[in-house]
Structure formats: C-alpha cells, structure tokens
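Architecture at a glance
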Amino acid sequence: MSLDLASWPRRIYAELFLSGDWRPVGQHVLQLPDITIFRGTPNESDDPPPATCTFTLNDSADKGNGDYNPYSPVGQWYGQLTRNVPVRVGLEVGQDAFARTSASNWGTSPDNGVWSPRSTGNSVSGGEGRQSISLANTYDFSYLSTVDARDVDVSVSVTIDSISNIAGGALEPANILLRGQDLTHYYICRMAISASEVVTVEIRDVDFELLAGPVTLGTAYTGQQWRVRAQAEGRSLRFKAWPAAGAEPLDWDVIASDRTFYPSGWVGVRSGVALGNSNTKPIVFRYDNFELRLPRFEGETTRLVPDADSTMTLRTTSVRCSDITQRLSQGKSPVTSPMRRSIAANAVSNGVFAYYPAEDGRFTTSIAPGLSHEPMQVLYGVLSAKFGESEIFPGSLPLPEIGTTEFRATMPAHTVTGNYQWRSVMLIPGGQDDTAIFAYQLTTTGSASKWHVQLEQDGSLSVRAFSGGLAGGIILDDFGNAVTTDIPMYLQLSLSQNGANIDYELRYMTLGEGATAHIITSGTVNSQTLGAATLLDIIGGVPDSGFPGPNGAVVGHFSIGNSIAQLTAANVYFNSYDGETVYDRMTRLSEENGLPAFGDLYDDAEADDTMGPQRPDTLLNNVRECARTNHGILFSPKGDRTMAYRRLESLYDPEPLASLDHADGIFQPGFRPVNDDFNPRNDVTVQRRDGGSAQAVREDGPNNALDPGTADGAVGTYATTYQVNCETDDQAAYSAGWLLHLGTTDEPRFPEIPLELSSIELRDDPATQSALLDCGPGDALELVNLTKWGIYEPAVEMILGYTERFNTTYRHLITFNAVPAKPYTIGSLDDGSIRLDSGSSTLNEDLTDTETGVDVATSDPNDLWITTASNPGDFPFDVTMTGERVTVTAITGSSSPQTFTVTRSVNGVVKEHFAGEKVSLSDPYYVAR
C-alpha cells in the first residue's frame, strides 16, 4: 500500500463552498482542538444521530484575517459564511506536479511510488505528464501500481496539445481509473469530447460495461484546460469535470453503483482517441496537478462561533458541521402525505398545472393549493362539507366528505396543448337515493364548453359534454356503465383534440388492486373543439333544488394537466406505495424532496424487503422507518452530502478489513470486552404497522428468558416491542426471530476499539492504516490474541460508527463503536460450504485434558452428526466443548451416542470435561430472516 500515510505530520484538507467554488481553509485549521469526526451510531440504537465534524479556524491578522467571522462586514465571506455551507474534510495522501524529466514513463511520484506505463507513449517534461496517442481507436494510461486503495478521491488537470476542434471521432482526455486489477480490468470515469465539442461524462465497470451516464455537460470544449475529479467509496463511484479556469461544481455530474464491487486496486490516468478521429497525430494529452485524497467527511456547517483570546490577538472561529439529517430534523418538519408529495414532485414532468389536495383541517373554508396558484373557493354549502373526516386512502391525510358543498377553482395560466387530463380520488357509498347528485365539471373555451363526470341513479359514472353551457344541448350522454359505488378509486378523465373531434376516456383504478386500470367509457365527440380550461367545479349536490350530494362521498387530490399519461403511473402513490422495496422508497423520497439520491455503498444482494403503505410523516421519519423495518444501518458517506444505507443483507458474512493483534500493543486505553445487559432481547414482539404482530422468545441456550438460576444461560425476561412497516405479517415474524437472534448472542463485545494511527506500532504500516480509514458502518475488524481477558478465539467485531480525531501534527485517533459480527454469519441452505449446528449434543462421558476419543450424545435424532463413512469430504471441522476448540477428524456411529476422534486444545484451552457439557459447532452459519 503506497498511499502516503507514513508521513507525519498529516497533510489535511478542509474546504468550504463559498461564492460558487470550493475554497481551501485547511491552511488555517488550528492544531488544537483536534479535527473531530463522528459518523454512524454509538451503539445499537435504532435511529443514528447526524454525522458531525468540528474544527477551529485561525482568524488572526496573519491567517484568516477576519474572513471566518460570520458577523464581520469587512470579512471576505460576509453574508455567505453561515449555516448550511457545504464543507469537505480529509487527508491529502498524494500530490504530483510532474517536476521532473522522464523520456519513456512518468517516473516516480513524490508520494506514491512509481508510475507504471501501459505502453511507451508516456513521458514527463515541462512540468507535465504526457501521453501521446499516434492512432485512432487507441488508448494509453499510466497508473500507480504500488497503490492498493478502496475509498479514494483522484483529481488531475488536462490540456490537449494544439487541438481546439475535434475532427471525426471523439477524444477522451483525463479518464480516471480506479481500483485497477490488471491492464484490462478497472473502473473508468470517462470524459469524452465529440466532434461537435460536446463534453460528456460517464462511468463504466471493470468489464467496460456502462454503469451511469453519459451526461452532457453545459460547457463546450474550446481547447481550454479541464480538470476532473473521481471518487470511489464502497460500491459508489462519482465523477465530475469542469474547465480548470472556472469553479469546481458543488455536486457530482454522474454517480454510479456497481454490485460486483472490486474492493481495492490501483489508480491511474487514461487518454483515448476514438475510432474515426482525423485530427493530426500524434495527439498529446498533457497532465498536471495530480492529487490523491482520502475523504473523511462531507456535510454542511451548522454552527459558527467567533472568539478571541484576552489580548484580541488570537482570533478564532470554531466550526461545527453535520450531515444532511441535522437540517432535516430541525424545527417542526412538515408532515406531507405520500400522494401530495408525489403529485407535487412530479407535476412538471406530468404536465400538471393545478392541484388541490383537499387535506385541509376541519374548519377550512377553501381548499388550499398543492402548487403555486390560487386556492379552490366555496360557492355554497360550506357547512355541509366535513373536512378531515375520512382516512380511507392510506396515501393521504384525512379527506373531506363533500356533502352538498360546491367548490370552484379558476385555472391558472398554462400552455394549451389540445390535451387535458383530470384526476381525483373518490369514494361514493352505495345505497344513495334517487335525488343524490354529484359531478366534476371542467369548463373550457371550446365549443364543447363543459365536461361532466357525473353520478347516475344506478350508481354508475357517466361522461357528458355540453355545448353553449348546460342549457345548450347534450352532445354525449353515456349511460349503462358499470356501478362504481363502494369502490375507493383513483379516477381519471382524459380529453384530446383529434383533428376536428375530441377523444375522451374515463378510467379508474381501485385501492389495493395493484396496477389494473378499468375503462368506464371512451369515445369521440365529433365536430367540436376543446379550447382552454378555465374552471374546475366539484359539485356535491344542489340543495336549493332539493338534490343533496351523496351521503358520505369522499373526494380529494384534484389535479389537472395538459398532457396525457397512463393511469398505471399513478398507482403506486394512490396505494401509498404498498409493496415498494426499501431502496426504492428511500431513493424516491430523496428525489421527491430535491435531495441527492441515496448512496448504495455496500449492497450486492438481489432480494429486498418490501414495505407497507407509506404513511403521512416527515421525510426523515419515513426514511428511518425503512431502516427500522429492514434492520440495516443508516449513515452518511464520507465523500458526498447525502444519506447512505446498508441493507441487512449486505451485512451478512462480513470479511474483516484488517486483523488487529493485541500482542502488537496497538490498542489504546479503553480497549476491553464488556459483558453487561446492554440492549438484551430474549422476548421480542414485532408489531407490523396497521397489521398483525409476531412474538419470539428464547427459552433455552444463552441469555434465555427463564428465571436466573433455573437453567444454564437463564437471565430472566428482557421483553421489548418493536414496530416495523413491512408489507406482510410473515415479514414481522422474520423480524422478531432476527431481533431475538441478535439480542441473545453471547459473543465478546468490544464497544470501543481505540487505535492511534500515529503510534509506533501503526505509523509505519500504511496498509493497516488504509484499511482502518476505509472502515465504515457495517465493515468488520478481526481482533486476535485476546487471552488477557480469557478470550481464546479471535473476535470479529462489526463497526457501527466511529469517532475520529486528528490534527496537523502527530495525532490521529480512531475509536470504533462495535458489536459482535458472529450473528451476521449467514449461509444459504443450498450452499455446500456452510455448516449448521447440532442443537442438542452433549458429552456422554467425562474427559481428561488430553483424551482424543470423545463420546457425544444427541437427544434429538434430527441433530445427529455426519459420519466419516457418509461424508468423508466434510472432514475435518472444529467443535467447541465448554470453551475448548477441538478439531474433529472422524465420527463413527449412526445413532446416539456417536464417537468423535479429535485433536485437542487447538485454541490453547487445556481442561478436563464432564458428561452433560454442551458440544457445538465452532463456526456455525445461521439461517437468515
């Protein structure tokens, strides 16, 4: 590993996004107090706190000179340095200005070892690394073969020598290569310039398959120097490019996630000339200002405190930053229903120009708009409507029973396209009398000036079009439709000008029926025009004429747009996204709220938990509900201002990133195992939101719920209730079993694993330092040689979070918060490499501390062990007898008791044993939820 992690003091970077560009402030960060970063969770709590980063800036006359004081009007950033300024912090581990000369390669970088060329077209001169391409359909690259990195940030500047106009095929400057495995397998963050000088960026995997993009940038190529930045973190890859003379963009141009996940590899810089390019050859790509970074935090400023010493000489500003969840949790966040959130978020793409949710409170006198336009007003009958009455639609806040009220909305300005589509949710109870009247009415400027969707006496809905007003004659009167009362539905009327005629169609979709849309009626009104929509009326009867509205009719979420879309596209939010997967819900919620998409950092599982209906709640609560339902880990990435999530399935079978030996003296004070009653669960009830419940109780084995002293492992009842929002009751039962499994583990727990990277034991070990810096929530560390505490087996601990403290001199302390990873060792039943434990096996005899023939009794016939005769290829394997690990080389006997031939004391435990002691598999796999 040749990341520059052996150089001390640390080279840090800290940057604030001010005045449209990332501004370096790391040169003014004080040595004390430390830069302190907290990320993840401190324990097995359900909802993680926001990730935070704190540091202090020197704002004295010879440093910041008052620029960092948010209150000072003479400071450079006055009015800009406030809350929620984007910030990024990390370590600079490689820089190369190419200040050398090399004829056939890029030579040796100052920090990261030798640049290896793919071919002979690489050289260094004039303070630039050069790649010369002599043929079209050819590429070349240089790479740092000594670097083996997982989570890195790479940037470089590029100039294409003497070419401002691209001829024929594209040129591909400054393609960043990440996690290279060999000369043909690497991730490529690819920039390309077409013959029309359009710049695009994309990301491809190690087999050159497209992962994301191409995305077209807004700036054309004119021969100017460009700069690119690429980043890898877990499974996420990020890329951006911009003219080097301008400001670096705040956000990434393209983000990808690769499920195959190459965990580490070298980094490189690639140049390419596409097929068909006719520019004069050779084409020389000139590179400068190469940087290699390790991101540690990206977020937003949340607290700025200016201060000074007693002499007013040392002026400082302490800065506290948090991830995006801090902002989302502040104040009383609005509770928005899934329907309102989705309809409003997709209004532009669906052509919706007017929207009235009708989720108003009980004493409202109008219907507030869901978009930026005027409300829907009451014409009459305001006391008849019962607002906030019905909760029949799970994706909505309570909706009104319309009664005899009539509401009218003047249509806002919009583009007339010849198409209108009106939608609403509706439930009309059956059994109405013959006088019940209900109608939706759209008024237009066309010759067919009024359109009705109307309740008929038989409980069906009809479409009617009128010319010249209601008295001007009925053009269409369509009866004989299916009865639609007693059906909670999402109703849609589509109108389209088709030459001289108007096509119409009335559809509905029922609550809970899935994606099926039913056509009520459709047809054509000949020789009429549609014109422009001017009014929308909701008519709940005509009380002055003795025609009341239908009793108990519920309506809401009226929208009208100027484009036609399939009703199936609306089904998911009509049904409140029932059955949506965890990641789909998280991603959709982010997109609907204008936030960056969720980071898919470590997840390679194909299966996914499905959620129950999304309920009206805040964005953050809805996201956290997804995490609680799936039992994964919600956290923030190191290199992006978004949220990330590791599903439970991605935590299975963790491979430790590093093995840490206690005998090496690398652990700091505070490192010790803790055996306490933190978060025990041996009686778990899982309640499915608005559904059934499931209970799981452990009545034998470790930490069981029996009264203490009555049985081995009995600790008494630790009961807990847990709410999830899964799609089915079966999922709740699986959750109960999983939580019981986690809550009764008896593996050693090291809640704090403190490691000082600048210690003598670690400072000259960049490979271990790099692995520790890669560690994030859900990763694992192996701890060995723990006999000081009587632990004779390696302990694998899963990281939930960490606190990191470093400064500009010789301190870099990381304290990991961890739990045992053993419960996450999950196998598939059709995987021939896994072993399941026998649950009822005990010693059938007393043993000396050296005896190698062991008789084992099994009370349950289904728990008998395999024999050497039946499964010769499955030997040897290890079992544990009351803390002593032994290797089983043979088993004979097809009924209980069976005779084991073993090698004793393989973990260093030497002891006698007695009949009745439990015999169990040393490294069992567990069955997942």
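See the structure above.
Quick notes on the rules
Residues numbered from 1 in each chain as written. Predicted model: local features only at pLDDT ≥ 70, side-chain atom pairs only at ≥ 80, totals over all residues. Heavy atoms only, no water. Helix = DSSP H or I, 4+ residues; strand = E, 2+ residues; numbered from the N terminus. Buried < 20%, exposed > 50% of the residue type's maximum accessible area, 1.4 Å probe, protein only. Contact = heavy atoms within 4.5 Å. Pairing = 2+ DSSP bridges. Disulfide = S-S within 2.5 Å. Axes fitted to C-alpha atoms, helices over the stretch in contact; angles between N-to-C directions. Parallel < 35°, antiparallel > 145°, perpendicular 65-115°, else oblique. Left-handed = near helix turned anticlockwise from the far one by under 90°. Nonpolar A, V, L, I, M, F, W, Y, C, P; charged D, E, K, R; others polar. Core = buried A, V, L, I, M, F, W, Y, C linked by side-chain atoms within 4.5 Å. Salt bridge = Lys/Arg side-chain N within 4 Å of Asp/Glu carboxyl O. Phe/Tyr/Trp six-rings, centres within 6.5 Å; stacked < 30°, edge-to-face > 60°.

**Observations regarding the overall build of the protein**
- Helix and strand counts for the protein come out as eight helices and 55 strands.
- Each principal axis of the C-alpha atoms in the protein carries an extent, and together these give about 105 × 80 × 70 Å.
- For the protein, the proportion of its 929 residues judged to be buried stands at 55%.
- The contacts of the protein with a sequence gap of at least 6 include a subset with a gap of at least 24, amounting to 67%.

**Quick notes on the sheet that holds strand β19 (residues 265-273)**
- What the eight strands build is an open sheet, ordered β6-β7-β10-β19-β12-β13-β14-β15; its pairing is antiparallel. Strand pairing shows two members of the sheet lacking a second neighbour, β6 (108-109) and β15 (210-216), which therefore form its edges.
- Sheet topology note: the strand β12 (residues 171-180)/β19 ladder contains six bridges and is antiparallel. Bridge pairing in β19 links I176 to V269.

**As for the state of the cysteines**
- As enumerated under the stated definition, the model contains zero disulfides in all.
- C53 takes part in no disulfide bond, and the closest cysteine sulfur, belonging to C321, lies 5.2 Å away.

**Considerations on the packing of helix α4 (residues 582-592) against helix α5 (residues 619-630)**
- The interhelical angle for the contact between α4 and α5, taken along N-to-C directions, is 165°, at an axis separation of 10 Å. One way to sum up the angle between α4 and α5 is to call them roughly antiparallel. Judged by the sense of rotation from one axis to the other, the crossing of α4 with α5 is left-handed. Judged by residue contacts, V582, R585, M586 and L589 of α4 engage L619, N622, V623, C626, A627 and N630 from α5.
- When the residues that make up the contact of α4 with α5 are grouped by side-chain class, the tally is seven nonpolar, two polar and one charged.

**Description of the nonpolar core**
- Counting residues in each nonpolar core, the largest one holds 100 residues, and the members touching the most others are F55, I176, L178, F239, F290 and F816.
- Among the elements that take part in this core, strand β20 (residues 283-308) stands out by supplying eight residues, more than any other.
- In this structure, F438, A448, L491 and A532 belong to the second largest nonpolar core, which totals 62 residues.

**Here's the deal with the pattern of salt bridges**
- Under the criterion given, the structure shown has 44 salt bridges.
- In this structure, E389 and R362 form a salt bridge, with 3.1 Å as the shortest nitrogen-oxygen distance. Highlighted residues: E389 in strand β25 (residues 386-390) and R362 in the loop between β22 (352-356) and β23 (366-367), separated in sequence by 27 residues.
- Overall, the relative accessible area of 34% leaves E389 in the partly exposed class.
- Look at R362 and you get exposed, because its relative accessible area is 53%.
- Between D690 and R615 there is a salt bridge, with its nearest N and O atoms 2.8 Å apart. Placement of the pair is D690 in the loop between β43 (683-688) and β44 (693-697) and R615 in the loop between α4 and α5, with a sequence separation of 75 residues.
- The exposure class assigned to D690 is exposed, which follows from its relative accessible area of 63%.
- A residue is classified by how much of its surface remains accessible, and R615, at 14% relative accessible area, is buried.
- The network of salt bridges with common partners includes E15, R88, E92, D153, R229, K240, E248 and R293.

**Observations regarding the packing of aromatic side chains**
- Counted under the stated rule, the structure contains 29 aromatic pairs.
- A ring pair is formed by F353 and Y420, whose centres lie 6.2 Å apart and whose planes are at 80°; its orientation type is edge-to-face. With a gap of 67 residues between them, F353 in strand β22 and Y420 in strand β28 (residues 419-427) connect regions that are remote in the sequence. Across the pair, exposure class does not vary: F353 and Y420 are buried alike.
- Ring centres of Y440 and F558 lie 6.1 Å apart, and the angle between their planes is 65°; on these two criteria the pair is classed as edge-to-face. In this pair, Y440 sits in strand β29 (residues 439-444) while F558 sits in strand β39 (residues 554-561), placing the two residues 118 residues apart along the sequence.

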